[in-house]
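# Structural description and commentary
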Amino acid sequence: MPLIRIEAAEDARTGRFSIEIYYPADADRPLVTTAPRYMSAAAAEQDTIAILSAAANNPPPEGPADHS
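Residues numbered from 1 in each chain as written. Predicted model: local features only at pLDDT ≥ 70, side-chain atom pairs only at ≥ 80, totals over all residues. Heavy atoms only, no water.

### Overview of the confidence of the model for the protein
Rule in force here: Each residue carries a pLDDT score, the predictor's confidence in it, ranging from 0 to 100. Per the convention used, a helix needs a DSSP run of H or I reaching at least four residues, while a strand needs a run of E reaching at least two, with both numbered from the N terminus.
For the protein, the mean per-residue pLDDT works out to 91, and 94% of the residues sit at or above 70. Within the protein, helix 1 (residues 41-57) has the poorest average pLDDT of any element, 93, and strand 2 (residues 17-22) the best, 97.

Pasting the structure below:
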């Protein structure tokens, strides 16, 4: 069962697309919605994949920084 659902949504006023993240996946309303800044649903989806990939490939440090 999916934990989250990610959808591109068109803004009727601007014609641009935003990303909506639903958690849990079957939620009626999105937990997070971006500003409608994408020119197409495909651009919104590609940017979302790039953001998730970058975050997954660059995890935070495992422990506190050593400042000695």
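### Re the side chain of Glu20
For the record, the criterion: Accessibility here uses a 1.4 Å probe with only protein chains present; expressed as a share of the type maximum, an area under 20% marks a residue as buried, one over 50% as exposed, and anything in between as partly exposed. Residues scored as charged are limited to Lys and Arg (positive) and Asp and Glu (negative), so that His and the chain ends carry no count. Criterion for a salt bridge: a side-chain nitrogen of Lys or Arg within 4 Å of a carboxyl oxygen of Asp or Glu. Two N or O atoms form a polar contact when they lie within 3.5 Å of each other; inside protein one atom must be a possible hydrogen donor and the other a possible acceptor, and for residues adjacent in sequence the pair counts only when both atoms belong to side chains. Any two residues whose heavy atoms approach within 4.5 Å are treated as being in contact.
Mapped onto the elements of the fold, Glu20 is located in strand 2. Although Glu20 lies buried, it forms no salt bridge, and the closest oppositely charged side chain, Arg5, sits 6.4 Å away as judged by the N-O distance. Separated by 2.6 Å, the side chains of Glu20 and Tyr22 make a polar contact. If near-sequence neighbours (up to four positions away) are discounted, Glu20 is found in contact with Arg5, Ile6, Glu7, Ala9, Pro30, Val32 and Thr33.

### Description of the pairing of strand 1 (residues 5-10)
Rule in force here: Pairing between strands requires that DSSP locate at least two bridges from one strand to the other.
Inspection of the sheet shows strand 1 paired to strand 2 by six bridges, in the antiparallel sense. Pairing of Ala8 across the sheet is with Ile19, part of strand 2. The turn linking strand 1 back onto strand 2 is made up of six residues, and Gly15 within it adopts a positive phi angle of 80°.

### Re the side chain of Ser18
Considering the arrangement of structural elements, one finds Ser18 in strand 2. Excluding residues within four positions of it along the chain, Ser18 makes contact with Glu7, Ala8, Ala9, Thr33, Thr34, Ala35, Pro36, Tyr38 and Ala44.

### A closer look at the environment of Asp11
Among the structural elements, Asp11 can be located in the loop between strand 1 and strand 2. Remark: the alpha-carbon pair of Asp11 and Pro60, spanning 49 residues in sequence, is separated by 34 Å. Leaving out residues up to four positions away in the same chain, Asp11 has contacts with Arg16 and Pro36. Polar contacts involving the side chain of Asp11 include one to the side chain of Thr14, which spans 2.8 Å.

### Topic: the sheet that holds strand 2
Condition: In this description, a line fitted to the C-alpha atoms serves as the axis of each element, helices being fitted only across the stretch in contact, and the angle between N-to-C directions of two axes falls anywhere from 0 to 180 degrees.
The strand order 1-2-3 describes an open sheet built from three strands, whose pairing is antiparallel. Each edge of the sheet is formed by a strand with only one pairing partner; in this case those strands are strand 1 and strand 3 (32-33). Across the sheet, helix 1 is in contact with strand 1 and strand 2; its angle to strand 2 comes to roughly 50°.

### A closer look at the packing of aromatic side chains
Where we set the bar: Paired rings are identified among Phe, Tyr and Trp, the last through its six-membered ring, by centres lying within 6.5 Å, and are further divided according to the angle between planes into stacked (under 30 degrees), edge-to-face (over 60) and tilted (the rest). In this analysis the charged atom, NZ for Lys or CZ for Arg, is taken to sit over a ring once it is within 6 Å of the ring centre and within 35 degrees of the ring normal.
Taken as a whole and assessed by the stated rule, the structure comprises zero aromatic pairs. A cation sits over an aromatic face here: Arg5 above Tyr22, 3.8 Å from the ring centre.

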